[in-house]
Amino acid sequence: MNTTVRTRFAPSPTGYMHIGNLRTALYGYLYAKSQKGDFVLRIEDTDRSRYVADAVDFIKRTLELAHIVPDEGPGFGGDYGPYVQSERMDLYKKYAEELVEKGAAYRCFCDPDENHAAGEFGGYDRTCRDLPADVIEKHLADGDPYVIRQKMPLSGETTFFDVLHGNITIKNEELEDQVLLKRDGMPTYNFANVIDDHLMKITHIMRGAEFITSTPKYTLLYEAFGWEVPTFIHLAPVMGKNEDGTVSKLSKRHGATSFEDLVKAGYLPEAITNYVALLGWNPKTTNQEIFSMEELIEAFRLDGLSKSPAVFDYDKLGWINGEYLKKMDEAEFEKLARPFAGDLPDYLEAHFGTLAALLKTRLTRLSDFAGEIAFLIDQPAFDASFYENKRNKVTPEKAKELLPDMIALLEEVPEADWTNDALYAKLNDFIAEREIKKGLAMWVLRIAAAGKLVTPGGATEILSILGKKNSLERLKKSLASLSAM
RNA sequence: GGCGCCAUCGUCAAGUGGUUAAGACACCGCCCUUUCACGGCGGGUUCAUGGGUUCGAAUCCCAUUGGCGUCACCA
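Note that the structure is a prediction, hence the values are computed from the model and not measured.

Criteria and cut-off values
Residues numbered from 1 in each chain as written. Chains lettered and ligands numbered in written order. Predicted model: local features only at pLDDT ≥ 70, side-chain atom pairs only at ≥ 80, totals over all residues. Heavy atoms only, no water. Near = heavy atom within 4 Å. Polar contact = N/O pair within 3.5 Å; in protein donor to acceptor, adjacent residues only side chain to side chain. Helix = DSSP H or I, 4+ residues; strand = E, 2+ residues; numbered from the N terminus. Nonpolar A, V, L, I, M, F, W, Y, C, P; charged D, E, K, R; others polar. Phe/Tyr/Trp six-rings, centres within 6.5 Å; stacked < 30°, edge-to-face > 60°. Buried < 20%, exposed > 50% of the residue type's maximum accessible area, 1.4 Å probe, protein only. Lys NZ or Arg CZ within 6 Å of the ring centre and 35° of its normal. Core = buried A, V, L, I, M, F, W, Y, C linked by side-chain atoms within 4.5 Å. Contact = heavy atoms within 4.5 Å. Axes fitted to C-alpha atoms, helices over the stretch in contact; angles between N-to-C directions. Parallel < 35°, antiparallel > 145°, perpendicular 65-115°, else oblique. Left-handed = near helix turned anticlockwise from the far one by under 90°. Pairing = 2+ DSSP bridges.

### Some words on the protein's contact with RNA strand B
Piece 1. Taken together, 60 residues sit near RNA strand B, with Lys182, Glu289, Arg362, Arg391 and Tyr424 positioned nearest.
Piece 2. When the atoms of RNA strand B within 4 Å of the protein are grouped by moiety, sugar and phosphate amount to 69% of the total.
Piece 3. One nitrogen or oxygen atom from the main chain of glycine 280 is found 2.8 Å from a phosphate oxygen belonging to RNA strand B.
Piece 4. For the surface near RNA strand B, the secondary-structure elements that each account for two or more residues are β4 (147-150), β6 (166-171), β10 (238-241), β11 (247-249), β12 (310-311), α11 (314-327), α18 (438-450) and α19 (459-466).
Piece 5. Taken together, the residues of the surface near RNA strand B break down into 22 nonpolar, 16 polar and 22 charged.

Next comes the structure, spelled out in structure tokens:
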């Protein structure tokens, strides 16, 4: 009999979606869906001091943007709720006490501050393990606050299985009597996790590799309850490149590293998801790199997961983003790009469609849009060396020679004919007549009008966007500074 | 520091004892081109080091080194 695969994503509501967390959610979702299983969203808000208002809505919105759809969770329904830990308080207390009854845990009445200084067993005192019954009774009668700690074996070792890493063994003496129930009555993350994962029938636990060391504590807990231990899959961390060339776990200091930041920076949610999926996972059977969510689900397999850390690479993300941009239809691109273009003078606003079409295949990020067209608003000052191009045999001298004639030619073009096609035809005639290289004339014109070495679009495209008056002003100005030399 | 995890081009990576060690990004060169981009073609001392095992090792074992993580009443 096959049990349904159930995975979960269990973020704490911190107010932003770190890219590493998004990846964990994605893999959990992909695995569940690839196995026709369920993906559960659970909110881990047991740390009251960290609570951020609206964070839950934020998480839900982000998942929605990323096209990760929970089958169960707060607001999604499901038979194992509530899916917010702060609403499950009584459950944890009940199970913690069950463990005390069984002798697998004990009450500790020690003062946390005092113990921290003592430190013989870390931040706690194991003597509470053996408190006589009457002492415990007295503490309880006095209403003394306490925590419940898990009683770890003092010798031997604990082994658990991880899909990626195989069996991992840790000596029990390395394990401390971790707190299960805090002084404020809230469960710790480690405890609530075990309870909820069991109660919610989670079969596969995907989480960051930073939990490897604490996993034996989990398995000991499952065993103490007599529960089946789920399958663990510890994911390698996502790293960021530091300025000095070293790498460390991806964090805010590496720049835009939350899903939200990346979207703001002009990366499409689909492209981010696509890239993140590939950061630590490989389909193996194909060299395909552009995947829709459906294709990811189809291709996803656990053995494609990498156990070594991956460095987040903005270049690759940019390439993937560019691929999505190129595939997009014109109208959609225009709509998406408009907010990134900034305030535009009327003549550019009028040509926005043309502009968008020119930029569509050239952009890597939407946020580069404004910068790419800035030269159309203010002509940059430029060096005469821009007129040098060996391929087309362009030199500043040639430019000085050709420009006056081309300006004269363009002066004659009526406003109505100031279009890309008409200008191109006109200039072609000129080029044929002079028997010069097309690239030569176009280069000179483009540089003189744009003042920029690399431009979106060729000479006539730029002239047509600029308009007759503006174009001629620019050309004359460029000629003047060329003559002044 | 103890313990644990990891180690193939700059980056993502395929590879599970015999390969000319894939592919992609980035980079460089060439072609195409009305510049750039797109597209096409091509390029690069990549298996951390040292020992084993083996006829044969990127693949298996050990050590070293390095990176990362973990040692909370945070998650």
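Past the structure itself, the notes keep going.
### A closer look at the packing of aromatic side chains
Piece 1. All chains considered together, the criterion is met by 16 aromatic pairs.
Piece 2. Between the aromatic rings of tyrosine 95 and tryptophan 227, the centroid separation amounts to 5.5 Å while the plane-to-plane angle is 75 degrees, which identifies the pairing as edge-to-face. You can see tyrosine 95 sitting in helix α3 (residues 89-102) and its partner tryptophan 227 sitting in the loop between α7 (215-225) and β9 (231-235), a full 132 residues away along the chain. The residues tyrosine 95 and tryptophan 227 share a single accessibility class, namely buried.
Piece 3. Considering the side-chain rings of tyrosine 218 and phenylalanine 232, the 6.4 Å spacing of their centres and the 90 degrees angle between planes classify their relative orientation as edge-to-face. Taken together, the residues tyrosine 218 in helix α7 and phenylalanine 232 in strand β9 connect sequence positions 14 residues apart. By the burial criterion, tyrosine 218 is buried, and phenylalanine 232 matches it.
Piece 4. A cation sits over an aromatic face here: lysine 94 above tyrosine 95, 4.6 Å from the ring centre.

### As for the nonpolar core
Piece 1. Judged by nonpolar contacts, the single largest core of 106 residues is most densely connected at Ile19, Ile68 and Leu403.
Piece 2. Residue contributions to this core peak at ten residues, all from α18.
Piece 3. Not counting chain neighbours up to four residues away, the residues in contact with isoleucine 19 comprise Val238, Leu250, Thr257, Ser258, Phe259, Leu262, Ile272, Val276 and Phe312.
Piece 4. Ranked by size, the runner-up nonpolar core spans 34 residues in total, among them Tyr92, Tyr95, Tyr218 and Leu220.

### Overview of the packing of helix α16 (residues 396-411) against helix α17 (residues 420-434)
Piece 1. Relative orientation of the contacting elements α16 and α17 amounts to 135 degrees, with a least axis distance of 11 Å. By the angle between their axes, α16 is oblique relative to α17. Viewed along their axes, α16 and α17 form a crossing whose handedness is right-handed. Across the interface between the two elements, Leu402, Asp405, Met406, Leu409 and Leu410 from α16 touch Leu423, Lys426, Leu427, Phe430 and Arg434 from α17.
Piece 2. The residue inventory of the contact of α16 with α17, partitioned by class, reads seven nonpolar, no polar and three charged.

### A few points about the sheet that holds β12
Piece 1. Here three strands make up an open sheet; going across it, the order is β11-β10-β12 and the pairing mixed. The sheet is open, and its two edges are formed by β11 and β12, each paired on a single side.
Piece 2. Summarising the sheet, β10 and β11 pair through three bridges and their orientation is antiparallel. Residue pairing for β11: lysine 241 is matched across the bridge by valine 247.

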